[in-house]
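Residues per chain are reported as follows:
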Amino acid sequence: MADQPVVLLGVTGGIAAYKAAELLRGLQKANMDVRVVMTKAATRFVGPMTFETLSTHAVRLDEISELTADSRITHIDDSQEADIMVIAPATANTIAKMANGIADNLLSSMYLAFAKTVVVAPAMNTNMWEHPATQRNVLLLRERGVFVVEPGAGELACGDYGSGRMANPDSIVAEVKLRLQVQRKRDLRGMRVLITAGGTREPIDAVRFIGNRSSGKMGFALARAAFDRGAHVDLIQANVDMPDVPGVRQVEASTAAKMHAQVMKRLPDIDILIMAAAVADYRVADGPAGGKVGKGKDEWCIDLAATTDILCDVAEHHKGQYLVGFAAEYGLEGVARARGKLERKKLDMIVFNDISRTDIGFDSDYNEVRILTKDSEVLLGRAQKETIAELILDNVAQAVRSRIGEGSLPA
Ligand SMILES: Cc1cc2nc3c(=O)[nH]c(=O)nc-3n(C[C@H](O)[C@H](O)[C@H](O)COP(=O)(O)O)c2cc1C
């Protein structure tokens, strides 16, 4: 990446197209070279001259000449020159094309040809935004690694009040800066990282289980971010309903016992262990009943027995690997309990999150965490789990690098 990163800014046909000019200025102020591509509909809202003047580059337009064979194949060449692609505002229509691989104009063709990071800032009327089709398309993009800067709530151009208003240009610039920083980072290059994700399920009989609400989103975000930073990543997952993470080796371990076995098997060969999975503390004492237990009794008492505490076992057998635990505790008084766990289990770092909050944590796309180490506590304010994952790894990478400096990481 050159000193001045190149941003390909796609502008689509919504009222918020005029805000793309402010966004362009913001990106330039953050030392980025911006090239603009507009859809035909976008040119009905703002003239290309505005972007041409501000960016000092010719604006790529959806004219037929752009799509004919000439000495340069615009959608491929421009895609390769850029370090990051930002589509803001992104209409419901363009988001739907992106989600479905439709390449019927210059912008959607460029998107498909673009192999690096893509950031999208949707902007539309509340009903369009909340429509299941749009929500499904946005989810699909997220799952494929596109970063979505959520629209905010407020008064919309159509006079309605609700969500769908394009995010503030400053927050889009902040997201682009973060993504470019991550691209530059290769601070876990060559390291072997083992991550656990999801929630284990302890069978009661053939159909019932004791489970928890962990979605696996945090662990998956960590796996993807660690891979992007150059690590060899193994992901042990329990009951996660999400697409595979490209480049990461994944294995299923549905119960606490299976997760324990998988972690211990891999422990000797890793540098960093991040235990983000919610592992059951108890299982059915006598093991699951055969078949399905029928209805008929008024009460059914099940004796539970503690599962093996994976981190305690790891603490006994590890050889200098950097150990990160997660503590999901109810209420802020849980911070003290998390610190106790850090010390008791001889962890290097523990990530505390407050499960009494409904706007973060379990099954949410957002999290807010405190990173505790022996002698520090850092609050990471509410943000998307992808961002929280990056910030956690910033801390892990820094600690591991300084430990390598001290020569105590395993060979
Ligand atoms: C006045 C007006 C305002 C519009 N605003 C939006 C908008 O904010 N968001 C959106 O998704 N579509 C909006 N549309 C619809 C899009 O312009 C339309 O779907 C168009 O096909 C989008 O093309 P594009 O995605 O290629 O830019 C608007 C249409 C009109 C006529």
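Rules behind the numbers
- Residues numbered from 1 in each chain as written.
- Predicted model: local features only at pLDDT ≥ 70, side-chain atom pairs only at ≥ 80, totals over all residues.
- Heavy atoms only, no water.
- Helix = DSSP H or I, 4+ residues; strand = E, 2+ residues; numbered from the N terminus.
- Rg over C-alpha atoms; globule rule 2.2 N^0.38 Å.
- Buried < 20%, exposed > 50% of the residue type's maximum accessible area, 1.4 Å probe, protein only.
- Contact = heavy atoms within 4.5 Å.
- Areas by Shrake-Rupley, 256 points an atom, 1.4 Å probe, with all protein chains shown as cover.
- Phe/Tyr/Trp six-rings, centres within 6.5 Å; stacked < 30°, edge-to-face > 60°.
- Lys NZ or Arg CZ within 6 Å of the ring centre and 35° of its normal.
- Near = heavy atom within 4 Å.
- Polar contact = N/O pair within 3.5 Å; in protein donor to acceptor, adjacent residues only side chain to side chain.
- Salt bridge = Lys/Arg side-chain N within 4 Å of Asp/Glu carboxyl O.
- Axes fitted to C-alpha atoms, helices over the stretch in contact; angles between N-to-C directions.
- Parallel < 35°, antiparallel > 145°, perpendicular 65-115°, else oblique.
- Left-handed = near helix turned anticlockwise from the far one by under 90°.
- Nonpolar A, V, L, I, M, F, W, Y, C, P; charged D, E, K, R; others polar.
- Core = buried A, V, L, I, M, F, W, Y, C linked by side-chain atoms within 4.5 Å.
- Domains from an automatic or database assignment.
- Buried area = accessible area lost by both parts, 1.4 Å probe.

Peer 1: Got a minute to help me understand the overall build of the protein chain in this structure?
Peer 2: If you tally the helices and strands in the protein chain, you get 15 helices and 19 strands. Against the 2.2 N^0.38 benchmark of 22 Å for 411 residues, the protein chain shows a C-alpha radius of gyration of 24 Å, consistent with a compact globule. Overall, the protein chain is about 70 × 60 × 40 Å in size when its C-alpha atoms are taken along their principal axes. Every one of the 411 residues in the protein chain was classed for burial, and the buried ones make up 51%. By sequence separation, contacts in the protein chain at least 24 residues apart represent 68% of the contacts at least 6 residues apart. For the protein chain, the computed accessible surface area is about 19,500 Å², with 50% contributed by carbon and sulfur atoms.

Peer 1: I keep staring at the packing of aromatic side chains and nothing clicks. Help me out?
Peer 2: Both the distance between ring centres and the angle between the ring planes are used here to describe each pair of aromatic rings. Per the counting criterion, the structure on display carries zero aromatic pairs. Positioned above the aromatic ring of Phe-147 is the side chain of Arg-179, whose terminal nitrogen or guanidinium carbon lies 3.7 Å from the ring centre.

Peer 1: Can you help me understand the site of the ligand in this one?
Peer 2: The immediate surroundings of the ligand are formed by 15 residues, with Gly-13, Thr-39, Thr-91, Ala-92 and Thr-94 found nearest. In the model, an oxygen atom of the ligand is placed 2.6 Å from a nitrogen or oxygen of the Thr-91 side chain. Surface burial for the ligand is 62%, taken as the share of its 640 Å² of free accessible area covered by protein chains. Among the elements that line the shell around the ligand, the one with the most residues is helix 6 (residues 92-100), at three residues.

Peer 1: Any chance you could explain the pattern of salt bridges here in plain terms?
Peer 2: Considering all chains together, one arrives at 18 salt bridges under this definition. Among the ionic pairs, Arg-142 bridges to Glu-150, the shortest N-O distance being 2.7 Å. Arg-142 gets classed as buried once you look at its relative accessible area, which sits at 15%. The exposure class assigned to Glu-150 is partly exposed, which follows from its relative accessible area of 28%. One salt bridge connects Arg-403 with Asp-348, and the closest N-O pair in it is separated by 2.5 Å. Placement of the pair is Arg-403 in helix 15 (residues 385-406) and Asp-348 in the loop between helix 14 (334-344) and strand 17 (349-354), with a sequence separation of 55 residues. Using a relative accessible area of 16% as the deciding quantity, one classes Arg-403 as buried.

Peer 1: I would appreciate a short explanation of the packing of helix 1 (residues 19-29) against helix 10 (residues 169-184) in the present structure.
Peer 2: How two helices sit against one another is set out by the angle between their axes and by the gap between those axes. Direction vectors running N to C along helix 1 and helix 10 enclose 45°, while the axes themselves pass 9 Å from each other. Between helix 1 and helix 10, the interaxial angle falls into the category oblique. Two packed elements cross with a definite hand, and for helix 1 against helix 10 that hand is right-handed. Taking contact as the criterion, the partners of Lys-19, Glu-22, Leu-23, Gly-26 and Leu-27 in helix 1 are, on helix 10, Pro-169, Ile-172, Val-173 and Val-176. Its residues placed into classes, the contact of helix 1 with helix 10 shows six nonpolar, one polar and two charged.

Peer 1: Mind showing me how you'd approach the nonpolar core here?
Peer 2: Among soluble globular proteins, nonpolar side chains are generally buried collectively. Ranked by internal contacts, the top residues of the largest apolar core, which has 37 residues, are Ile-195, Leu-222, Ile-272, Ile-274 and Ile-392. Excluding anything up to four places from it in sequence, Leu-222 contacts Ile-195, Ile-274, Ala-276, Phe-326, Ala-389, Ile-392 and Leu-393. Core analysis: the next-biggest nonpolar cluster, separate from the first, contains 33 residues, Ala-17, Leu-23, Ala-42 and Ala-121 among them.

Peer 1: Is there a simple way to explain the domain arrangement of the protein chain in this structure?
Peer 2: A common way to report how large an interface is uses the accessible area buried once the components associate. Its domain assignment divides the protein chain into domain 1 (6-184) and domain 2 (192-406). With centres defined by C-alpha atoms, the gap from domain 1 to domain 2 works out at 35 Å. On the domain 2 side, the residues contacting the 10 residues of domain 1 number eight residues. Taking both sides of the interface into account, the surface hidden between domain 1 and domain 2 amounts to around 820 Å²; carbon and sulfur atoms contribute 52%. The largest contributions to the domain 1 side of the interface with domain 2 come from Arg-142, Glu-143 and Val-182, which together make up 45% of the buried area. In this structure, the connection of domain 1 to domain 2 is made through two salt bridges. Between Arg-179 and Glu-390 there is a salt bridge, and its shortest N-O distance comes to 3.7 Å. Considering each element in turn, the side of domain 1 that touches domain 2 owes the most residues, four residues, to helix 10. The class makeup of the residues in the side of domain 1 that touches domain 2 is four nonpolar, one polar and five charged.

Peer 1: Is there a simple way to explain the packing of helix 12 (residues 256-266) against helix 13 (residues 310-317) in this structure?
Peer 2: Two elements in contact, helix 12 and helix 13, have axes whose closest approach is 10 Å; the angle formed by their N-to-C orientations is 20°. Taken together, helix 12 and helix 13 sit at an angle that is classed as roughly parallel. Between helix 12 and helix 13 lies a crossing of right-handed hand. On helix 13, the residues that touch Ala-256, Met-259, His-260, Val-263 and Met-264 of helix 12 are Ile-310, Asp-313, Val-314 and His-317. Its residues assigned to classes, the contact of helix 12 with helix 13 comprises six nonpolar, two polar and one charged.

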